[in-house]
Amino acid sequence: MAGRFVRASKYRHVFGQGAKKCYDNLRISKNAWDTNLIKANPEYIAVNWEASGGGAFAVIPINEKGRAPDQIPLFRGHTAAVLDTDWSPFNDSLIASASDDGKVFIWKVPEGFTLHTDADEPADVSPQARLSGHMRKVGHVLFNTAAENVLASSSGDYTVKLWDVEQGAAKLTLKHNDIVQSLSWSADGAYLVTTSRDKKLRVWDVRQEKPAQEVPGHPGAKNSRAVWMGEHDRIATTGFSRMSDRQLGLWDPRNPSGPIGGFEILDSISGVCMPFWDDGTQCLYLAGKGDGNIRYYEYENDKFEYLTQYTSPNPQRGIAFLPKRGINLHENEVLRAFKTVNDAYIEPVSFIVPRRSEMFQSDIYPPTTGLKPGTTASEWFGGKTALPPKISLESVYDGEAPKEVPSNYKPPQPAMTQPAPAKVEPPKAAEPAPAPVASRGPPPSMTDNKQSLAAGAAKFADDEVSDKESESSFEEVAKPVARPSVTAAHQEEKAKAPVASREPETAPAKPTPAPTISSSEPGSTLKKVEPTPAPASAPTSTPAPSSGGPASALGHALSEIKSQLEHQNRVMADQSDQIALLIREVTQLKSKLGTQEPSDREKDERIRELELELESARS
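Note that the coordinates shown come from a computational prediction; the quantities given were computed from them, not determined experimentally.

1. Here's the deal with the overall build of the chain
Okay, so step 1: In terms of helices and strands, the chain carries ten helices and 35 strands.
Okay, so step 2: The buried share among the 619 residues of the chain stands at 50%.
Okay, so step 3: Long-range pairs, those at least 24 residues apart, make up 55% of the contacts in the chain between residues at least 6 apart in sequence.
Okay, so step 4: Total accessible area on the chain stands at roughly 29,700 Å², and carbon and sulfur atoms take up 50% of it.

2. A closer look at the sheet that holds strand E14 (residues 159-164)
Backbone hydrogen bonds hold the strands of a sheet together, and the pairing may be parallel or antiparallel.
Okay, so step 1: Read from one edge of the open sheet, four strands run E12-E13-E14-E15, paired in antiparallel fashion. Both outer strands of the open sheet, strand E12 (138-143) and strand E15 (169-175), are each paired with one neighbouring strand and no more. Going across the sheet, the axis of each strand differs from the next one's by a mean of 20 degrees, ignoring polarity.
Okay, so step 2: Pairing analysis gives five bridges linking E12 to strand E13 (residues 150-155), with the strands arranged antiparallel. Each residue of the ladder has a partner; that of leucine 142, found in E13, is alanine 152.

3. Thoughts on the side chain of arginine 336
Okay, so step 1: Structurally, arginine 336 can be placed in strand E29 (residues 333-341).
Okay, so step 2: Taking the relative accessible area as the measure of exposure, arginine 336 reaches 18% and is therefore buried.
Okay, so step 3: Within the structure, the side chain of arginine 336 is placed 3.0 Å from the side chain of glutamate 333, a separation counted as a polar contact.
Okay, so step 4: If we ignore the near neighbours within four places in the chain, the residues touching arginine 336 are Ala320, Phe321, Leu322, Gly326, Ile327, Asn328, Val349 and Ser350.

4. A word on the packing of aromatic side chains
Okay, so step 1: Under the counting rule described, the total for this entry stands at 23 aromatic pairs.
Okay, so step 2: Ring centres of tyrosine 191 and tryptophan 228 lie 6.5 Å apart, and the angle between their planes is 25 degrees; on these two criteria the pair is classed as stacked. With tyrosine 191 in strand E17 (residues 191-196) and tryptophan 228 in strand E20 (residues 225-228), this residue pair connects regions lying 37 residues apart in the sequence.
Okay, so step 3: For tyrosine 191, a relative accessible area of 33% gives the class partly exposed.
Okay, so step 4: For tryptophan 228, a relative accessible area of 8% puts it in the buried group.
Okay, so step 5: Between the NZ or CZ atom of lysine 171 and the centre of the ring of phenylalanine 381, over which it lies, the distance is 5.1 Å.

5. Topic: the pattern of salt bridges
Okay, so step 1: Under the counting rule described, the total for this entry stands at 31 salt bridges.
Okay, so step 2: When the shortest N-O distance is used, the salt bridge between arginine 325 and aspartate 92 registers 2.9 Å. Here aspartate 92 lies in strand E9 (residues 91-99) and arginine 325 lies in the loop between strand E28 (319-321) and E29, a separation of 233 residues in the sequence. Neither arginine 325 nor aspartate 92 differs from the other in exposure class; each is buried.

6. Some thoughts on the pairing of strand E5 (residues 56-61)
Okay, so step 1: For E5, a buried count of six out of six residues is recorded, marking the element as mostly surrounded by other parts of the structure.
Okay, so step 2: Sheet analysis places E5 next to strand E7 (residues 74-76), joined by three bridges and oriented antiparallel. Of the residues in E7, the one forming a bridge with alanine 58 is leucine 74.

7. Here we look at the nonpolar core
Okay, so step 1: Ranked by size, the top nonpolar core spans 34 residues in total, and within it Phe338 and Ile346 carry the most contacts.
Okay, so step 2: Elements with a minimum of two residues in this core: strand E3 (38-40), strand E4 (44-48), E5, E7, strand E8 (82-88) and strand E10 (104-108).
Okay, so step 3: Looking at this core element by element, the count peaks at five residues for E5.
Okay, so step 4: Excluding residues within four positions of it along the chain, isoleucine 346 makes contact with Cys22, Tyr23, Leu26, Ile28, Ile38, Ile45, Val47, Phe338, Lys339 and Thr340.

8. Overview of the pairing of E12
Okay, so step 1: The element E12 is largely enclosed, with a buried count of six among its six residues.
Okay, so step 2: Linking two consecutive strands that pair antiparallel, namely E12 and E13, is a turn of six residues; a positive phi of about 60 degrees is found at asparagine 149 within it.

9. Re unusual backbone geometry
Okay, so step 1: Phi angles above zero are rare outside glycine, and asparagine 149 is one such case at about 60 degrees.
Okay, so step 2: As for its position among the elements, asparagine 149 is in the loop between E12 and E13.
Okay, so step 3: Look at asparagine 149 and you get buried, because its relative accessible area is 13%.
Okay, so step 4: A positive phi angle, close to 60 degrees, is found at asparagine 342, a residue other than glycine.

10. Focus: the environment of leucine 174
Okay, so step 1: The topology assignment puts leucine 174 in strand E15.
Okay, so step 2: Setting aside chain neighbours within four positions, we find leucine 174 in contact with Tyr158, Thr159, Val160, Leu162, Leu192, Trp204, Val206 and Glu209.

11. As for the confidence of the model for the chain
Okay, so step 1: Here the chain averages 79 in pLDDT, and 72% of its residues register 70 or above.
Okay, so step 2: Note on residues 484-490: pLDDT under 50 across the span, and nine contacts to partners over four residues away in sequence or across chains.

Definitions and limits used
Here the residue numbers are simple positions, counted from 1 along each chain's written sequence. Residue-level local features of this predicted model are given only where pLDDT is at least 70; pairs of side-chain atoms are given and counted only at 80 or more, and the full residue set underlies all totals for whole chains, interfaces and linings. Excluding hydrogens and water, the side-chain figures rest on all heavy atoms present in the structure. What counts as a helix is a DSSP run of H or I of at least four residues, what counts as a strand is a run of E of at least two, and both are numbered from the N terminus. Partly exposed residues are those whose accessible area sits between 20% and 50% of the maximum for their type, while under 20% is buried and over 50% is exposed, using a 1.4 Å probe and protein chains only. Two residues form a contact once any of their heavy atoms are found within 4.5 Å. Only the protein chains shown count as cover for residues, with accessible areas throughout obtained via the Shrake-Rupley method and a probe of 1.4 Å. Strands were regarded as paired on the criterion that DSSP finds at least two bridges between them. Note on method: axes are straight lines fitted to C-alpha atoms, helices fitted across the in-contact stretch only, with angles between N-to-C directions ranging 0 to 180 degrees. Any pair of nitrogen or oxygen atoms within 3.5 Å is treated as a polar contact; in protein, a donor-acceptor pairing is required on top of that, and neighbouring residues in sequence qualify only through side-chain atoms on both sides. For Phe, Tyr and Trp, rings pair up if their centres lie within 6.5 Å, where Trp contributes its six-membered ring, and each pair is then called stacked (planes under 30 degrees apart), edge-to-face (over 60) or tilted (otherwise). Remark: a charge is flagged as sitting over a ring if the NZ atom of Lys or the CZ atom of Arg is within 6 Å of the ring centre and within 35 degrees of the ring normal. By convention in these notes, a salt bridge is any Lys or Arg side-chain nitrogen within 4 Å of a carboxyl oxygen on Asp or Glu. Grouping buried Ala, Val, Leu, Ile, Met, Phe, Trp, Tyr and Cys residues that are joined through side-chain atoms within 4.5 Å yields what is termed a nonpolar core. pLDDT measures the predictor's confidence residue by residue and takes values from 0 up to 100.

Written out as structure tokens, the structure reads:
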């Protein structure tokens, strides 16, 4: 029975589950600018809105599922379409927006905000701050992952500006050669990676206002995207080849001469792949724009191991992923996504680890970033770099206030390798079982002999082991045995017959150790030589329990097991002597026969003679 090695992973069986209740009756923007269209945090979902008379976006409280009112309060203020939004990672009510009018606005969600009001025309929300400085449309905004109130914005004027939101001023400018297509911060907020229409991948030391690395990225003409992989010193990119195949790349930002291991071809679909990195599960999620699939990979040993994908007949144009502190810990949900469908509603998709959830699962929920930043905006622009402190999700699971842990906390490494010892434990637990260990003694000593007979000897010994150790499928996978050839089997049986016929004279007092030759119907090839099962002729005074029984039975029958051990050792010693005799007999037969091979008729006649001799020896 052949086995197949499967890589150990806690997330191999993670599955996506679409929610039955969605956010319906929405008018999602149909603008063709390449952004995710929606952004989410544990409190709200921001949606780029298809509005007349200027640009706007909507904010939906995450608990208000179902059909939205026909008239809802919008966040108005831009004079052209809103292209992108982003929530502050340290303030769930603070959001930034980018627009086709070249402006960046900062908004504050009113306290107690809801879509359901009694007013016929709900009052719109006005911006708190207006950031001007770009000369053309602003396509992306992204808050710093570690510093509070530090915002990056990319524009059609080929620049990325770094804003101090508190002061409302642009402090730094990163100049590109073409339109920026995506940007992503490192975990400590010191570096920024960007992809551009000039097909270059740039890693910026932003406070120096110059790229630390600049290398060719994906060679295709369509848009590419990059995402920094959390606290790993790695970057994941998605893009296209020259033949318009979708690609996935893994980069070392310290030496990005090329992707690690080259580009991986995903498929030939034309939609852009929207990547998202989940630092808690160490998984990369890829959502295709224009198709309904969300595939996910686990990062291990500097490569992406494909897990599986969530498939849906409903294609998405935009997608948002919820921060870790907003997921449902009691249902083993490791991630939640929100996807747009038909520009009319938003469908939540939960990714769940299928296991019992009666208690907190610490191995799949390491500490995550909370609401406290690592530095202030003034400290960050002054040169300070610090990771934000993390919170323990176990305290959130218990319904307590989030407990803070050190910012340099790393997920426990043993948890990543827990499944591996679990697969090794069954053979270790079976080692105290005496019969399998004792019966496996002779075969290894035979492996130095001639190839065909050595393989046969090991096979015969393993047959007895498998009879007593049938409950361990691990052994069957770990020790495949090469089957002897037909010629070798015939030679073994020719050598075995004289020994069997002489057995009553040489060992009349031992009827059990003598090997028997089992054959099929007359005229057919002999199958194999098997030792007589030891338990059938065990000279024990009391009935012996099965050596492969449970541990409790072994504890109550320790004396019977010891007697079986002694008998098995004697049987195997006799069998090893007989196998040695067989080797010598076959060697002599080979020297007599030389290289001449008998005909099939002679083989059949010799087989029948052996059967007659064996029958007489048995009688």
